[in-house]
Amino acid sequence: MQPLIDNARTHGQRPEEFAPLAQGQSPQVLFITCSDSRVVPALITGARPGELFELRTAGNIVPPYASERPTSEAATIEYAVEVLGVSDIVVCGHSHCGAVGALVRGDDLTAVPAVREWLTQAEPRPTGAVEDPCVAEGVQNHVLAQVLRLRSYPFIDKKLSAGELTVHAWYYEVHTGSVLTHDIAADAFRAL
């Protein structure tokens, strides 16, 4: 913890770098990814403060859209699209994902009931090689399912139909730093 505290103390010693951020934000990208500490969107993309709007959830799950009882995730997505006007959304899964791995393996999650209930929203349940520690196939299938879920949000569908929004499916390898993107024509993940 001490190195983090030390950095936080010195972080604010360059106010000239941060003053322009007080004028507001205008990110072009909503980056939806897992809460995993090994996945750092700004590090992966090289983004500076104000360039990415982030949504992080366990297993990068996009919950079903419900206007009557919206989730915080749906509110974040709506804000990014309707208020901030992002032009791109990236749904980024990652290798060695504990959430997707638990789903692929069918782990018993009774000891973590909140996690178990959250993961029920990952429908369809991702499939892949149970013995693969990277869970690559499962994560990639899961990312594509979350992209489809995202497309079911009415305001997303409207922007996609108008050509005002693009949705990307990414897979990040925590053990190499490589990023793959889904190639729709080939129906495969390829290097960026």
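This report concerns the structure included in the present document. (Residues numbered from 1 in each chain as written. Predicted model: local features only at pLDDT ≥ 70, side-chain atom pairs only at ≥ 80, totals over all residues. Heavy atoms only, no water.)

**Concerning the overall build of the chain**
Consideration 1: When you go through the chain residue by residue, the secondary structure sums to 8 helices and 6 strands.
Consideration 2: Order of helices (α) and strands (β) in the chain, N terminus to C terminus: α-α-β-α-β-α-β-α-α-α-α-β-β-β.
Consideration 3: Taken over the C-alpha trace, the chain has a radius of gyration of 18 Å; the compact-globule value for 192 residues is 16 Å, and the two agree within 12%.
Consideration 4: A principal-axis box enclosing the C-alpha atoms of the chain has dimensions of 50 × 45 × 35 Å.
Consideration 5: Every one of the 192 residues in the chain was classed for burial, and the buried ones make up 39%.
Consideration 6: Put simply, 63% of the contacts in the chain that link residues at least 6 apart link residues at least 24 apart.
Consideration 7: As displayed, the chain has an accessible area near 10600 Å², and 54% of this comes from carbon and sulfur atoms. (Helix = DSSP H or I, 4+ residues; strand = E, 2+ residues; numbered from the N terminus. Rg over C-alpha atoms; globule rule 2.2 N^0.38 Å. Buried < 20%, exposed > 50% of the residue type's maximum accessible area, 1.4 Å probe, protein only. Contact = heavy atoms within 4.5 Å. Areas by Shrake-Rupley, 256 points an atom, 1.4 Å probe, with all protein chains shown as cover.)

**Comments concerning the environment of Ala-75**
Consideration 1: As for its placement among the helices and strands, Ala-75 is situated in helix 4 (residues 72-83).
Consideration 2: On a C-alpha basis, the gap between Ala-75 and Tyr-65 in space is 9.8 Å, while along the polypeptide they are 10 residues apart.

**A few points about the pattern of salt bridges**
Consideration 1: In the structure shown here, the tally under the stated rule is 5 salt bridges.
Consideration 2: Of the charged contacts in the structure, one is a salt bridge between Asp-107 and Arg-105, with a shortest N-O distance of 3.0 Å.
Consideration 3: The class for Asp-107 is partly exposed, based on a relative accessible area of 33%.
Consideration 4: Among the salt bridges present, the one from Glu-117 reaches Arg-116, with a minimum N-O distance of 3.4 Å.
Consideration 5: Under the relative-accessibility criterion, Glu-117 is labelled partly exposed at 46%.
Consideration 6: With relative accessibility at 31%, the residue Arg-116 sits in the partly exposed group. (Salt bridge = Lys/Arg side-chain N within 4 Å of Asp/Glu carboxyl O.)

**Examining the nonpolar core**
Consideration 1: Ranked by internal contacts, the top residues of the largest apolar core, which has 42 residues, are Leu-30, Ile-32, Ile-77, Ile-89, Leu-150 and Ile-156.
Consideration 2: Core analysis: the next-biggest nonpolar cluster, separate from the first, contains 9 residues, Phe-31, Val-39, Cys-92 and Val-179 among them. (Core = buried A, V, L, I, M, F, W, Y, C linked by side-chain atoms within 4.5 Å.)

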